[in-house]
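Single-letter residue listing:
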Amino acid sequence: MNKFFMTGFFVSCLSVFLVTNALQAKDEAQTQQHSKHLKKNSKPTTQERLNALKKFSNVVEQIEHYYVDEVSINDIVDKAIDGLLSNLDAHSSYLTAKKFRDFRAQTDGEFGGLGITVGIRDGALTVIAPLDDTPAFRAGIKAGDVILKINAESTLNMSIDDAVNLMRGKPKTPIELTLVRKSEPKPIVVKVLRDIIKIKSVHAKWIEGTKFLYLRVNSFDRNVVKSAMAELKKAKQAHRLEGVVLDLRSNPGGLLNQAIDLSNLFIKHGVIVSQKGRVQSEDIEYRANGHAPYANLPITVLVNSGTASASEIVSGALQDHKRAIIIGEDTFGKGSVQTTFPVGKEEAIKITIARYYLPSGRTIQAVGIKPDIVIPAGPVPQDKNTFSLKEADLKHHLQQELQELNAKDQKNNKQGKSEGKESVMSAKDISGDIQLKIGIDMLKVWDIFMASKEVAKK
């Protein structure tokens, strides 16, 4: 690098800082007012800033002069900014002009994708959750899968934004993912066809033989609360609703306001979630609105490692307010807030400005939600000796078997009569999901627990 350029560069920097110092001395009141917005007034001195800037400039000079390949000053600065942001945390990043355009296309345009949400866990690109009825879901991709390669490109040291941009593309175009899965001895290769991602965010089923509703929330889009309220109202009117199993498993999150409003259906008073950052103006406390039409409704919540962000806010708030029993596995632990700031005309930086905290004050970030009842996913254990009956019950059992056979013979004649009726969660569905089974069982004994608490108070 030209020595005269570097000398001029330092002189310019020094001039800027000296002028800044003079202005600060002249207008001390303004500086004090600004410091009120910062929780920690740890501003470096002018000399510390100059020393840090000199160190950076020396590094740039050595790279320009000695690096084996010629690198432009713009490329060096871009790489420096990119390295700085990526080393802050997994969600902060530098958006070059192309990346910034791609980032805006995620919300402004229609694009093809796989239907998965990814995050960085232990330094590896990890699937938070595949969304229901998407290409990734149909291809068998699971929460917790580590993406080792996207097509032929390694994901080691790859940012989340770069990985997402690689996986997106034109609908009906193929992509190949190499995955590492705990249950598999070696990496597996999955081929997926991109498609337009359209998801129904809320599903509801009546649980057979009970007055409980199974409410599945896949992601927190703008229609979640409206859809959930409609399902709850319909169930309450038709069946005298007595409990809800809220399934947030493999829910990667979404809109914060939808998470807060869903919590407002069940929590009447107090904080739902708070947001705290370094800049005081970013501190926000979201409180219950006091309405809570289902404030006394028994709730169990199902979670797993794919439960993240907004779904962790809901499950954590319900847990802290003692409004629900959380069942399943530890959640993902995504509890930070990102904001994009333009840099120049076409570039931008995306940085973490705050973290979410639950009503009890605990953080979600990198910790997640610990279930009240920890149970791995899987089917309900079955007794292999299913014909183990007492002699007195044998005749009755055989009569039931005959009735079931007769019912199967008549099934074809009755097809179509049930069309239009609400969907029902059958005993067969429940037997394949032990977390769901425990969620239902806990609702059945809810009144007993509540009664015992009242007795204890007396």
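If you check an unreviewed UniProt entry, the protein appears there as S41 family peptidase from Helicobacter mehlei.

S.K.: Lay out the overall build of the protein with the relevant residues and their values.
M.R.: Looking only at helices and strands, one finds 14 helices and 20 strands in the protein. Considering the protein as a whole, with its 458 residues, one finds that 37% of them fall into the buried category. In the protein, the share of contacts with a sequence separation of at least 24, taken over all contacts with a separation of at least 6, comes to 69%. Accessible area for the protein stands at about 27,400 Å²; split by element, carbon and sulfur atoms hold 54% of it.

S.K.: Break down the packing of aromatic side chains for me, with residues and values.
M.R.: One pass over the structure, following the stated rule, counts one aromatic pair. Between F266 and Y294, the aromatic rings sit 6.4 Å apart at their centres with planes inclined by 45°, giving tilted as the arrangement. With F266 in the loop between α9 (256-264) and β13 (271-277) and Y294 in the loop between β14 (284-287) and β15 (299-303), this residue pair connects regions lying 28 residues apart in the sequence. Positioned above the aromatic ring of Y357 is the side chain of K276, whose terminal nitrogen or guanidinium carbon lies 5.4 Å from the ring centre.

S.K.: Describe the packing of α9 against helix α10 (residues 310-320), with residues and values.
M.R.: Where α9 meets α10, the axes come as close as 9 Å, and the angle between the chain directions of the two elements is 20°. Accordingly, the angle class assigned to the pair α9 and α10 is roughly parallel. α9 and α10 meet at a crossing whose hand is right-handed. Judged by residue contacts, L256, A259, L262 and S263 of α9 engage A310, I313, V314 and A317 from α10. Residue composition of the contact of α9 with α10, grouped by class: seven nonpolar, one polar and no charged.

S.K.: Quick rundown of the nonpolar core? Include the residues and the values.
M.R.: Grouped together as the largest cluster of nonpolar side chains are 45 residues, with contacts concentrated most on L213, F220, L246, V301 and L318. Leave out the neighbours within four places in its chain, and F220 touches L248, N251, G253, G254, L255, Q258, A259, L262, A310, S311 and V314. Ranked by size, the runner-up nonpolar core spans 19 residues in total, among them L114, I160, M167 and L177.

S.K.: Can you tell me about a nonpolar patch on the surface, naming the residues and giving the values?
M.R.: Together, V59, I63, Y67 and V68 line one region of the surface with nonpolar side chains, adding up to about 390 Å² of accessible area. Relative to the assigned elements, I63 resides in helix α3 (residues 46-66). In this structure I63 comes out as partly exposed when scored by relative accessible area, which is 32%.

S.K.: Quick one: what's the story with the packing of helix α8 (residues 224-239) against α9, residue by residue and with numbers?
M.R.: The contact between α8 and α9 brings their axes to 9 Å, and the two run at 25°. With respect to α9, the element α8 is oriented roughly parallel. Contacts between α8 and α9 involve V224, V225 and A228 from the first element and Q258, D261 and L262 from the second. For the contact of α8 with α9, the class distribution of residues is four nonpolar, one polar and one charged.

S.K.: So what about the pattern of salt bridges? Which residues, and what values?
M.R.: Within this structure, the stated rule accounts for 15 salt bridges. Two residues, K172 and D195, come together in a salt bridge whose shortest N-O distance is 3.3 Å. With K172 in the loop between α7 (160-167) and β7 (174-180) and D195 in strand β9 (residues 195-196), the pair connects residues that are 23 residues apart, well separated along the chain. The exposed category is assigned to K172, whose relative accessible area is 56%.

S.K.: Describe in detail the environment of P187, supporting the description with residues and values.
M.R.: Mapping P187 onto the fold places it in the loop between β7 and β8 (188-193). Relative accessible area serves as the criterion here: at 45%, P187 is assigned to the partly exposed category. It is 8.2 Å that separates the C-alpha atoms of P187 and L148, two residues lying 39 residues apart in sequence. For P187, the residues in contact, after removing those within four places along its chain, are L148, T178, L179 and V180.

S.K.: Tell me what's going on with unusual backbone geometry, and back it up with residues and numbers.
M.R.: Working note: non-glycine residues mostly have negative phi, and peptide bonds are mostly trans. Backbone geometry at K172 places phi at a positive 75°, although glycine is not the residue there. In the Ramachandran plot, A366 falls in the positive-phi region, its phi being about 65° despite a non-glycine side chain.

S.K.: Tell me about the layout of surface pockets, and please be specific about residues and values.
M.R.: The space that makes up the second largest pocket amounts to roughly 640 Å³. Residue lining of the second largest pocket: 23 residues in total, with F137, R216, R249, S250 and N304 positioned closest to the centre. Elements with a minimum of two residues in the lining of the second largest pocket: β10 (202-207) and β11 (212-217). Broken down by class, the residue content of the lining of the second largest pocket amounts to seven nonpolar, eight polar and eight charged. The residues that make up the lining of the second largest pocket include at least three from each of domain 1 (134-195) and domain 2 (202-374).

Quick notes on the rules
Residues numbered from 1 in each chain as written. Predicted model: local features only at pLDDT ≥ 70, side-chain atom pairs only at ≥ 80, totals over all residues. Heavy atoms only, no water. Helix = DSSP H or I, 4+ residues; strand = E, 2+ residues; numbered from the N terminus. Buried < 20%, exposed > 50% of the residue type's maximum accessible area, 1.4 Å probe, protein only. Contact = heavy atoms within 4.5 Å. Areas by Shrake-Rupley, 256 points an atom, 1.4 Å probe, with all protein chains shown as cover. Phe/Tyr/Trp six-rings, centres within 6.5 Å; stacked < 30°, edge-to-face > 60°. Lys NZ or Arg CZ within 6 Å of the ring centre and 35° of its normal. Axes fitted to C-alpha atoms, helices over the stretch in contact; angles between N-to-C directions. Parallel < 35°, antiparallel > 145°, perpendicular 65-115°, else oblique. Left-handed = near helix turned anticlockwise from the far one by under 90°. Nonpolar A, V, L, I, M, F, W, Y, C, P; charged D, E, K, R; others polar. Core = buried A, V, L, I, M, F, W, Y, C linked by side-chain atoms within 4.5 Å. Patch = residues over 30% accessible without salt bridge, like charges linked within 9 Å, V, L, I, M, F, W, Y side chains within 5 Å. Salt bridge = Lys/Arg side-chain N within 4 Å of Asp/Glu carboxyl O. 1 Å grid on protein atoms, 1.4 Å probe; cavity = no way out; pocket = protein on both sides within 12 Å on 5 of 7 lines; lining within 4 Å. Points joined across faces, edges and corners; volume = space filled by probe spheres on them. Domains from an automatic or database assignment.

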